[in-house]
Amino acid sequence: MASTKPKKKNPRLASGRKRARQDVKLNAANTSLRSKYRTAVKNVEKAVAAGDKTKAAEAFAKAQSVVDIVSDKGIFHKNKAARDKSRLAAKVKALALAA
């Protein structure tokens, strides 16, 4: 059964209409960055699962950059970004120590 969301009304005020237009662009930008973030984290976890140290280290370096960008833009809280980077670093380090 398909969910039927109530239709959003168009705002009457010009400022409200402008805000609605801006929200569409912001939503698209935030969605894109969130996707980029998830992909970067997934790439590190895949490399760790495969046991590839060099690939994991490279992916982690890229992921750190992406995580920082996303937290600077306010998509995720800075503490979440720090926590995720810490957990990824621990996985990469454990992989390096295991071999």
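Residues numbered from 1 in each chain as written. Predicted model: local features only at pLDDT ≥ 70, side-chain atom pairs only at ≥ 80, totals over all residues. Heavy atoms only, no water.

In the annotation of an unreviewed UniProt entry, the protein chain is listed under the name Small ribosomal subunit protein bS20 and assigned to Curvibacter microcysteis. The Sequence similarities (unreviewed entry) field of the UniProt record for the protein chain holds the comment "Belongs to the bacterial ribosomal protein bS20 family." (UniProt positions renumbered as here; feature names shortened; annotations may be inferred.)

## Overview of helix α1 (residues 14-50)
In this model α1 runs 54 Å from its N-terminal to its C-terminal C-alpha over 37 residues, within 8% of the 54 Å that 1.5 Å per residue would give. By the burial criterion, the buried members of α1 are Leu-33, Tyr-37, Ala-40, Val-41, Val-44, Ala-47 and Val-48. Where α1 is buried, its residues touch α2 (53-72) and α3 (78-98). Looking one or two residues beyond α1, the residue adopting positive phi is Gly-51, at roughly 85°. (Helix = DSSP H or I, 4+ residues; strand = E, 2+ residues; numbered from the N terminus. Expected span 1.5 Å × (residues − 1). Buried < 20%, exposed > 50% of the residue type's maximum accessible area, 1.4 Å probe, protein only. Contact = heavy atoms within 4.5 Å.)

## A look at the side chain of Ser-71
Inspection of the secondary structure puts Ser-71 in helix α2. Ser-71 gets classed as buried once you look at its relative accessible area, which sits at 15%. Every residue in contact with Ser-71, bar those within four places of it in the chain, is listed here: Phe-76, His-77, Lys-78 and Ala-81.

## Some details on the packing of aromatic side chains
Counting across every chain of the model gives one aromatic pair. Ring geometry for Tyr-37 versus Phe-76: centroids 4.6 Å apart, planes at 55°, classification tilted. Separated by 39 residues along the polypeptide, Tyr-37 in helix α1 and Phe-76 in the loop between α2 and α3 bring together distant segments of the chain. The exposure class assigned to Phe-76 is buried, which follows from its relative accessible area of 17%. Cation over ring: Lys-80 sits above Phe-76, and NZ or CZ is 4.9 Å from the ring centre. (Phe/Tyr/Trp six-rings, centres within 6.5 Å; stacked < 30°, edge-to-face > 60°. Lys NZ or Arg CZ within 6 Å of the ring centre and 35° of its normal.)

## Considerations on a positive patch on the surface
Judged by side-chain charge, Arg-17, Lys-18, Arg-21 and Lys-25 come together as a positively charged surface patch. In this fold, Lys-25 is placed in helix α1. Among the residues examined, Lys-25 registers a relative accessible area of 67% and is labelled exposed. (Patch = residues over 30% accessible without salt bridge, like charges linked within 9 Å, V, L, I, M, F, W, Y side chains within 5 Å. Areas by Shrake-Rupley, 256 points an atom, 1.4 Å probe, with all protein chains shown as cover. Salt bridge = Lys/Arg side-chain N within 4 Å of Asp/Glu carboxyl O. Lys, Arg positive; Asp, Glu negative; His and termini not counted. Charge placed at Lys NZ, Arg CZ, Asp CG, Glu CD.)

## Describing the environment of Val-70
Along the chain, the position of Val-70 falls in helix α2. For Val-70, a relative accessible area of 1% gives the class buried. Leaving out residues up to four positions away in the same chain, Val-70 has contacts with Leu-33, Tyr-37, Ile-75 and Phe-76.

## Observations concerning the packing of α1 against α2
Helix-helix packing is described using two parameters, namely the angle between the two axes and the distance between the axes. Two elements in contact, α1 and α2, have axes whose closest approach is 8 Å; the angle formed by their N-to-C orientations is 160°. As judged from the angle between their axes, α1 and α2 are roughly antiparallel. Note on packing geometry: the crossing formed by α1 with α2 is left-handed. Along the contact surface, α1 presents Leu-33, Lys-36, Tyr-37, Ala-40, Asn-43, Val-44, Ala-47 and Val-48, while α2 presents Lys-55, Ala-56, Ala-59, Phe-60, Ala-63, Val-66, Val-67 and Val-70. (Axes fitted to C-alpha atoms, helices over the stretch in contact; angles between N-to-C directions. Parallel < 35°, antiparallel > 145°, perpendicular 65-115°, else oblique. Left-handed = near helix turned anticlockwise from the far one by under 90°.)

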